[in-house]
Amino acid sequence: MSFLGWILAVCLVVLGGSRHAVRAEEGPGSERNCSAIPPYLPPTAVNTTLRLCDLRAAMSLLSISAYIIPATDAHLSEYIAPRDARLSWMSGFTGSAGTAVVTQSKAVLWTDSRYWIQAERQMDCNWELKRDVSIRSITNWLIKEIPEGDQVGFDPFHFSVDTFAVYNTNLAPAGRILKSIPDNLVDKIWTDRPPLPPDNPTRLPDSIIERTWQMKVDQIRAQINDNPYKPTAVLLSALDETAWLFNLRGNDIPFNPFFYSYTLLTMDEIWIFVHTERITDELKEYLNVSCYQAHCVQLLEYSSVRTYLQTYLLKPNVRVWVGTEYTNQALYELITPEEKLLTSTYSLVLTTKAVKDATEQRILKEAHVRDAVAVMQLLLWLEKKVPEGKETELTAAHFVDQCRSKQKNSRGPSFETISASGPNAALAHYSPSNETARKLMVDEMYLVDSGGQYLDGTTDITRTVHWGVPTDFQKEAYTRVLMGNIEISRTIFPAGTRGVNMEMLGRRALWEIGLNYGHGTGHGVGNYFGVHEWPVGFQSNNIPFQEGMFTSIEPGYYKENDFGIRIEDITVTIPATTKHGNNYLTFETVSLVPYDRNLIDTSLLSPEQLHWLNTYYETIRSVVGPELEKQGLKEEHAWMMKHTSPFLIAESSAVIFSVTLLVTALPSALLYLLL
């Protein structure tokens, strides 16, 4: 019997004896209800019955009892191409973070709190939702569900080195065996899988580049040479690594100007693994592909990376340096014996890229000025249009995209706009669709998280507004979120401080009244790159802050089924002037859009916070004002002037202890332990 025939036979048996939820024409809400009779499925849910049957048949042929499906690609990317959305295709869940496990009788999704409601709206009743993201939770479930000695299949291209190690550490002692299957099982059954995008990679113009690709290669080679463990090569796996190193951009990943690639760089040779048919003659000349010297690039087929890496490792006295965070298990497992391997959490390209040079800093700031114009156009338009009762979350998202598209150097949005009103805003990463878009109303909170890709920079900004009369609780929650943003933004800290040691400043005002939020407080951002650029940010696995790093600051609060608040700005670390110390930093906010005065309770703000706010508004006037005038946007300029009028310091009656002073006054021994 053929493979497809076997699948068909198994599916007929399963379908004949199983009970599946049926889609109701109408239901009591927007989330599934699998306990109802008949079960209720919202119109946003996807029927996955046949897909699961096909996958289970494929699993049976390989004698595996479970199959793990992460939400990533072979480069462990956060944002992935449609052809890599295997988790989404199997489950119907389109969130950017999650892991699915399928056995012969169950299908389960693990995801974090940002996506719990979204998952309940998108999955059918074949799927169970686990409100957890830990690998321990997944492996405990596997140990419970499958017998000792059974095999758990996975695609090694979609497991990081560290992820594989944790799975194996948890499963092996329990007698459950991880089975590496490089030929992805979802791909085998995904008959209409999207093709490779047709666009060719392109080079950045010289006008926005301070370092040529040859200069960057020399910079990385110098770090290889200085490493005391004497690596002979560095393997680059994350998509932004090759793109950054060679000043190239692509269009393979939605919202992210990347192209499928790997690079193997030695002290005297360079190999780039790409779909070579997409490299134009102009790019070949740019990369010096016709020579064999230290600054000449050899182009090899994307699919040959494993084979070529094995060939390189056969040479004597070689050692390959990899960053474990973005190197997949399929490549890592080839680097044996151990003396041929050198590891760090992040590759030296990622850590080098994290510090922007003077040109990158300048043009990224310029991009944010033009982006501020687009966001102000949106907020003004909403103030005028929402009372008419015709606009929706979707029309607002489309409008801000249109505004950005008219700005100089626009290359489209940097992610799918989060345009959310009322209860939808309680979903931290909700994006509207034709099925879910709500009408915007003056008596509800509205949150818009959006960003743009420009040839000279990437932007990401969130504003929350209310056009009517907010409740006292909404005002207090908003003000305390703003206080958290301000406290991080104005803090002064020693260079080399880790973001995780400052992160609580963004939460402290919320904690004081028993509130919190379930997402990170900030992430790096690139120069016409990824909107979430690692390894900068406020999480425990981010690198220490240095001058010239860009990060978002984005505290929030979300009341389920009611409203959501987030205030997000992009900042850059700059030198701080202190009375005694020299090597100190602070944050300069480069997102330049005023906050909603209607939601600010100034009685909660300290004089220091009000002073920071007024200074920020002065900056908006002096920097964005001329750009609005240059573009002839008189109405937007008047709106900006109105919304950046200074607050009276006397309005503040609260006495808020300055956390910045607390941090800077910590005894040196305690501060050393924290860092």
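One finds Leu382, Tyr595, Ile600, Leu613, Ile620 and Val624 to be the most contacted residues of the largest nonpolar core, which totals 61 residues. With 10 residues, helix α14 (residues 358-385) is the single largest residue contributor to this core. Sequence-distant contacts of Val624, that is, excluding residues within four places in its chain, are made with Val369, Ala372, Val373, Met376, Leu592 and Thr619. Grouped together as the second largest cluster of nonpolar side chains are 52 residues, Ala74, Leu236, Leu265 and Phe273 included.

What follows deals with the pairing of strand β13 (residues 320-323). Here β13 shows two buried faces, one formed by Val320 and Val322 and the other by Trp321 and Gly323. Of the strand pairs in this sheet, strand β8 (residues 233-236) and β13 are connected by three bridges, and their pairing is parallel. Across the sheet, Ala233 pairs through a bridge with Val320, a residue of β13. In this sheet, strand β14 (residues 341-344) lies alongside β13 in parallel orientation, the contact comprising four bridges. Counterpart to Trp321 in the pairing with β14 is Leu342.

Each pocket or cavity is described by its volume, and for the second largest pocket that value is around 460 Å³. Lining the second largest pocket are 21 residues, with Ala74, Arg86, Phe157, Arg193 and Tyr302 positioned closest to its centre. Of the residues belonging to the lining of the second largest pocket, the class tally is seven nonpolar, five polar and nine charged.

Turning next to the pattern of salt bridges. Between side chains of opposite charge, a pair can form as their charged atoms come close. Applying the stated criterion across every chain yields a total of 31 salt bridges. Put simply, Asp84, Arg86, Asp187 and Arg193 are held in one network by salt bridges that share partners.

In the predicted model, the protein chain carries a mean pLDDT of 92, and 92% of its residues have values of at least 70. Ignoring residues within four places in sequence, the model shows residues 12-20, a span with pLDDT below 50, making six contacts including any to other chains. Contacts for the low-pLDDT stretch residues 651-675, under 50 throughout, to residues beyond four places or in other chains number 40 contacts.

So, on to the sheet that holds strand β10 (residues 262-266). If you walk across this open sheet you meet the six strands as β12-β11-β10-β8-β13-β14, and the pairing is mixed. Sheet topology places β12 (297-301) and β14 at the edges, where each strand pairs with a single neighbour. In this sheet, adjacent strand axes meet at a mean angle of 20 degrees when their direction is disregarded. In the packing of helix α8 (residues 213-226) onto the sheet, contacts are made with β8, β10, β11 (270-274), β12 and β13, and the angle to β10 comes to roughly 60 degrees. Across the face of the sheet, helix α11 (residues 305-313) comes into contact with β8, β10, β11, β12 and β13 while running at roughly 15 degrees to β10.

A word on empty space enclosed by the protein. The tally for this structure, following the rule as stated, stands at five cavities of 30 Å³ or more. Taken as a whole, the largest cavity spans an internal volume of roughly 160 Å³. Together, 20 residues line the largest cavity, and Leu204, Ile208, Arg249, Glu360 and Asn527 are the ones closest to its centre. Looking at the lining of the largest cavity residue by residue, the classes come out as eight nonpolar, three polar and nine charged.

Two packed helices can be described by the angle between their axes and the distance between those axes. Running from amino to carboxyl end, helix α18 (residues 607-630) crosses helix α19 (residues 634-643) at an angle of 175 degrees, the nearest separation of the two axes being 10 Å. Judged on the interaxial angle alone, α19 and α18 are roughly antiparallel. In this structure, α18 contributes Tyr617, Ile620, Arg621, Gly625, Leu628 and Glu629 to the contact, and α19 contributes Glu636, His637, Met640, Met641 and His643. Partitioning the contact of α18 with α19 into residue classes produces five nonpolar, three polar and three charged.

We describe a pair of aromatic rings using the distance from one ring centre to the other and the angle between the two ring planes. Taken as a whole and judged by the stated rule, the model has 28 aromatic pairs. On the basis of an interplanar angle of 90 degrees and a centroid distance of 5.9 Å, the ring pair of Phe473 and Tyr557 is categorised as edge-to-face. Linking Phe473 in helix α16 (residues 472-490) with Tyr557 in strand β25 (residues 556-559), this pair joins segments that are 84 residues apart in sequence. Aromatic rings pair up to connect Tyr595, Trp612, Tyr616, Tyr617 and Phe647 into one cluster. Positioned above the aromatic ring of Phe529, the side-chain terminus of Arg249 is 3.8 Å from the ring centre.

Cut-offs applied
Residues numbered from 1 in each chain as written. Predicted model: local features only at pLDDT ≥ 70, side-chain atom pairs only at ≥ 80, totals over all residues. Heavy atoms only, no water. Core = buried A, V, L, I, M, F, W, Y, C linked by side-chain atoms within 4.5 Å. Buried < 20%, exposed > 50% of the residue type's maximum accessible area, 1.4 Å probe, protein only. Helix = DSSP H or I, 4+ residues; strand = E, 2+ residues; numbered from the N terminus. Contact = heavy atoms within 4.5 Å. Pairing = 2+ DSSP bridges. 1 Å grid on protein atoms, 1.4 Å probe; cavity = no way out; pocket = protein on both sides within 12 Å on 5 of 7 lines; lining within 4 Å. Points joined across faces, edges and corners; volume = space filled by probe spheres on them. Nonpolar A, V, L, I, M, F, W, Y, C, P; charged D, E, K, R; others polar. Salt bridge = Lys/Arg side-chain N within 4 Å of Asp/Glu carboxyl O. pLDDT = per-residue confidence, 0-100. Axes fitted to C-alpha atoms, helices over the stretch in contact; angles between N-to-C directions. Parallel < 35°, antiparallel > 145°, perpendicular 65-115°, else oblique. Phe/Tyr/Trp six-rings, centres within 6.5 Å; stacked < 30°, edge-to-face > 60°. Lys NZ or Arg CZ within 6 Å of the ring centre and 35° of its normal.

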